[in-house]
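# Coordinate inspection notes
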Amino acid sequence: MKVVQAYRYALDPTPGQMEAFASHCGAARFAFNWGLALVKAALDQREAERTYGISGQLLTEAPWSLPTLRRAWNIAKGTVAPWWAGNSKEAYSSGLDALARALKNWSASRRGERKGRAPGFPRFKSKHRATLSCRFTTGTIRLETDRRHVTLPRLGTIRTAESTRRLARHLERGTGRIMSATIRYDGGRWFVSFTCEINRADPTTARPDAVVGMDLGVKNLAVLSTGEVIPNHKHHQAALRKLRSLNKELARRQGPRAPSGGKRETSARWRKTKAALGKARARVARQRRDGLHQLTSRLATTYGTVVVEDLNVSGMLANRRLARAIADVGMAEVRRQLIYKTAWRGGRLIVADRWFASSKTCSGCGAVKAKLALSERTYVFASCDLILDRDENAARNLAALAADVAQSCGETENAPREIGRGGIGRPGGAGVRPTASGRSAVKREPPMRGTPGRKATVA
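What you are looking at is a predicted structure, and each value in this text was computed from that prediction instead of being measured.

### A closer look at the sheet that holds strand β7 (residues 189-199)
- One open sheet holds the four strands; their spatial order is β1-β7-β6-β2, and the pairing between them is antiparallel. Whereas interior strands pair on both sides, the edge strands pair on one side only; in this sheet they are β1 (2-10) and β2 (133-136). In this sheet, adjacent strand axes meet at a mean angle of 20 degrees when their direction is disregarded.
- One ladder, built from four bridges, connects β2 with strand β6 (residues 176-186); its direction is antiparallel. Bridge pairing links Arg135 to Thr182 in β6.

Written out as structure tokens, the structure is:
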């Protein structure tokens with residue numbers, strides 16, 4: 001199975017190499033801002049021409065795609081950036097490519113061709129706030145044979161802080177091909193990410209016929225239908241005291257904004273504290289990411305079927321009392337990782353419907369409680385004498401959902417999709433319908449008033 005996969009390694013560059021990194025990332029930012037200014041000027045010119053009665057193909061053409069932006073840059077670079085030869089041409093192409101992608105996403109969203117939250121029109125990148133990043137797609141991009149060095153165009157050979165053996169083995173066997181390399185400054189360190197085409201041959205799961213339901217929460221990171229509880233280490237809460245101290249210290253330093261609101265030169269101590277704050281935040285993010293990777297990898301390699309909930313995380317974050325704790329869990333990241341990891345292992349990921357009453361439903365008899373307060377952490381159902389932890393009860397209901405999904409259509413997040421009317425993929429084909437229990441494997445919108453809603457979905 002061929003997949004596009006990224007390998008990220010921390011770098012250990014020399015001071016001269018770090019200066020070259022910053023120069024290339026600054027060149028990418030300069031090209032982005034130059035292209036955006038060119039696009040805005042063309043759009044303003046088109047608006048002015050429309051007031052003169054000009055329309056259609058006679059209007060000034062705005063450079064919108066990457067090829068047109070590149071042609072305009074090659075014509076103007078000798079004038080607007082006489083120092084351009086000091087960096088690789090890939091640095092400028094990286095900035096223009098980012099602009100072309102942003103313009104494409106904006107226009108596609110305006111036409112209704114892009115799902116999700118509508119992005120705004122691209123804005124100029126600030127030297128002080130923009131992320132330092134630069135991508136290379138051509139030139140000398142390779143891993144050295146000692147597995148502790150990488151070579152990038154114009155930057156030369158750079159030492160890595162960790163071994164590159166995982167990617168090197170794929171390249172030596174011929175099961176991998178490097179497509180691009182991206183350098184990025186994150187949390188006080190430089191990283192390089194290789195985007196590769198990998199031919200994966202992962203073994204199947206240890207228990208292909210086993211099903212596990214997982215209920216995510218705040219008190220515990222996850223509770224499995226097997227009764228296992230994965231604790232929530234609350235990395236952000238553990239680092240909150242240090243983060244508060246650094247934020248207060250940063251507020252006392254001379255920052256970029258004066259009390260009157262005007263701009264001013266930042267002090268050396270402000271920059272030092274700002275860097276320390278960035279490192280502390282990055283450490284929290286890495287700890288959280290590492291824990292989630294360990295959890296999702298273990299589930300994908302052990303169980304043939306994993307059932308999770310379709311949580312409205314953005315809506316949950318609107319609760320100001322729980323927003324910090326919910327964000328510290330990373331619920332959406334768990335589902336994102338499980339999607340591709342279960343596919344690599346040949347497993348199934350079933351996503352329960354957002355309105356499926358997993359917590360209110362009794363896992364013993366299937367009855368549903370009318371009300372269940374959030375403070376009730378133990379599920380008690382008198383008719384069948386069930387007394388069970390609330391989260392474990394929800395996880396058991398999720399695991400039982402897999403049988404209904406298999407009975408209805410047998411399709412999951414990783415299953416092939418049949419092409420329906422209008423070329424739209426449909427999970428499970430024309431045979432998708434609710435089961436006798438009222439559960440279904442069709443993703444749906446919130447039920448309208450007066451219509452029966454289905455209780456389960458598979459995304």
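### Digging into a positive patch on the surface
- On the surface, Arg123, Arg129, Arg257 and Lys263 cluster together into a patch of positive charge.
- Here Arg257 shows up in the loop between α6 (240-252) and α7 (268-302).

### Thoughts on the environment of Leu36
- Tracing the sequence through the fold places Leu36 in helix α1 (residues 15-51).
- Judged by its relative accessible area of 0%, Leu36 falls in the buried class.
- Between the C-alpha atoms of Leu36 and Arg123, which are 87 residues apart in sequence, the distance is 7.7 Å.
- When residues no more than four places from it in sequence are discounted, the contact partners of Leu36 are Leu99, Phe121, Pro122, Arg123 and Phe124.

### Comments concerning the sheet that holds strand β5 (residues 156-159)
- Pairing in this open sheet of three strands is antiparallel, and the strands run β3-β4-β5 from one edge to the other. The open sheet terminates on both sides in strands that have one partner only, identified here as β3 (142-143) and β5.
- As judged from the two bridges shared by β3 and strand β4 (residues 149-152), these two strands associate in the antiparallel manner. Counterpart to Leu143 in the pairing with β4 is Val150.

### Describing helix α3 (residues 89-110)
- If you check α3, its first and last C-alpha atoms are 32 Å apart, about what 22 residues at 1.5 Å a residue would give, namely 32 Å.
- Positive phi shows up at Gly112, right after α3, with a value of about 80 degrees.

### What about the packing of α1 against α3?
- One can describe the packing of α1 onto α3 by two numbers: an axis separation of 7 Å at closest approach and a directional angle of 45 degrees. Accordingly, the angle class assigned to the pair α1 and α3 is oblique. Here the hand of the crossing between α1 and α3 comes out right-handed. Where α1 abuts α3, its residues His24, Ala27, Ala28, Ala31, Phe32, Gly35, Leu36 and Val39 lie against Ala91, Tyr92, Gly95, Leu96, Ala98, Leu99 and Leu103.

### Observations regarding a nonpolar patch on the surface
- There is a patch of nonpolar side chains on the surface, built from Tyr52, Ile54 and Leu58 and spanning about 370 Å² of accessible area.
- Mapped onto the elements, Tyr52 comes out in the loop between α1 and α2 (66-80).

### Some details on the packing of aromatic side chains
- One pass over the structure, following the stated rule, counts eleven aromatic pairs.
- Relative to Trp73, the ring of Trp34 lies with its centre 5.4 Å away and its plane at 75 degrees, an arrangement referred to as edge-to-face. Of this pair, Trp34 sits in helix α1 while Trp73 sits in helix α2, and the two are 39 residues apart along the sequence. In this structure, Trp34 and Trp73 share a single accessibility class: buried.
- Ring geometry for Trp106 versus Phe121: centroids 5.0 Å apart, planes at 90 degrees, classification edge-to-face. Taken together, the positions of Trp106 in helix α3 and Phe121 in the loop between α3 and β2 put the pair 15 residues apart, joining distant regions of the chain.
- Residue classification places Phe121 among the partly exposed positions, given a relative accessible area of 24%.

### Concerning α1
- An ideal rise of 1.5 Å per residue puts 54 Å on 37 residues; α1 measures up with 55 Å between its terminal C-alpha atoms.
- Of the residues flanking the end of α1, it is Gly53, one or two places downstream, whose phi is positive at about 90 degrees.

### Things to note about the pattern of salt bridges
- Scanning all chains against the criterion turns up 17 salt bridges.
- Salt-bridge contacts for Asp186 lead to Arg8; the nearest nitrogen and oxygen are separated by 3.1 Å. Note that Asp186 is positioned in strand β6 and Arg8 in strand β1, a separation of 178 residues in sequence.
- Linked through salt bridges whose partners overlap, the residues forming this network are Asp97, Arg101 and Arg135.

### Here we look at the nonpolar core
- The biggest cluster of nonpolar side chains holds 42 residues, and the ones touching the most others in it are Leu152, Leu167, Ile183, Val192 and Phe194.
- Ranked by residue count, the leading element in this core is α1, at eight residues.
- Excluding residues that lie within four positions of it along the chain, Phe194 makes contacts with Gln5, Ala6, Tyr7, Tyr9, Ile141, Leu143, Val150, Leu152, Leu167, Ile178, Ser180 and Ala181.
- The next biggest cluster of nonpolar side chains, apart from the first, holds 22 residues, and it includes Ala222, Val313, Leu349 and Val351.

### A word on the state of the cysteines
- As enumerated under the stated definition, the model contains zero disulfides in all.
- Cys365 takes part in no disulfide bond, and the closest cysteine sulfur to it belongs to Cys362, at a distance of 3.7 Å.

### Points about the packing of α1 against α2
- Relative orientation of the contacting elements α1 and α2 amounts to 110 degrees, with a least axis distance of 11 Å. Our classification of the angle between α1 and α2 gives roughly perpendicular. On α2, the residues that touch Phe30, Trp34, Gly35, Leu38 and Val39 of α1 are Leu69, Ala72, Trp73, Ala76 and Val80.
- Here the residues of the contact of α1 with α2 are counted per class, giving nine nonpolar, one polar and no charged.

### Considering the pairing of strand β8 (residues 207-216)
- Bridging between β8 and strand β11 (residues 303-309) involves four bridges; their strand directions are parallel. Each bridged residue has a counterpart across the sheet, and for Val211 the counterpart in β11 is Thr305.
- Here three bridges tie β8 to strand β9 (residues 220-224), and the two strands are oriented antiparallel to one another. In the strand pairing of β9, Met214 is matched with Leu224.
- Two successive antiparallel strands, β8 and β9, enclose a turn made up of three residues.

What counts as what
- Residues numbered from 1 in each chain as written.
- Predicted model: local features only at pLDDT ≥ 70, side-chain atom pairs only at ≥ 80, totals over all residues.
- Heavy atoms only, no water.
- Pairing = 2+ DSSP bridges.
- Helix = DSSP H or I, 4+ residues; strand = E, 2+ residues; numbered from the N terminus.
- Axes fitted to C-alpha atoms, helices over the stretch in contact; angles between N-to-C directions.
- Patch = residues over 30% accessible without salt bridge, like charges linked within 9 Å, V, L, I, M, F, W, Y side chains within 5 Å.
- Areas by Shrake-Rupley, 256 points an atom, 1.4 Å probe, with all protein chains shown as cover.
- Salt bridge = Lys/Arg side-chain N within 4 Å of Asp/Glu carboxyl O.
- Lys, Arg positive; Asp, Glu negative; His and termini not counted.
- Charge placed at Lys NZ, Arg CZ, Asp CG, Glu CD.
- Buried < 20%, exposed > 50% of the residue type's maximum accessible area, 1.4 Å probe, protein only.
- Contact = heavy atoms within 4.5 Å.
- Expected span 1.5 Å × (residues − 1).
- Parallel < 35°, antiparallel > 145°, perpendicular 65-115°, else oblique.
- Left-handed = near helix turned anticlockwise from the far one by under 90°.
- Phe/Tyr/Trp six-rings, centres within 6.5 Å; stacked < 30°, edge-to-face > 60°.
- Core = buried A, V, L, I, M, F, W, Y, C linked by side-chain atoms within 4.5 Å.
- Disulfide = S-S within 2.5 Å.
- Nonpolar A, V, L, I, M, F, W, Y, C, P; charged D, E, K, R; others polar.

What is shown is where atoms sit, not what they do.
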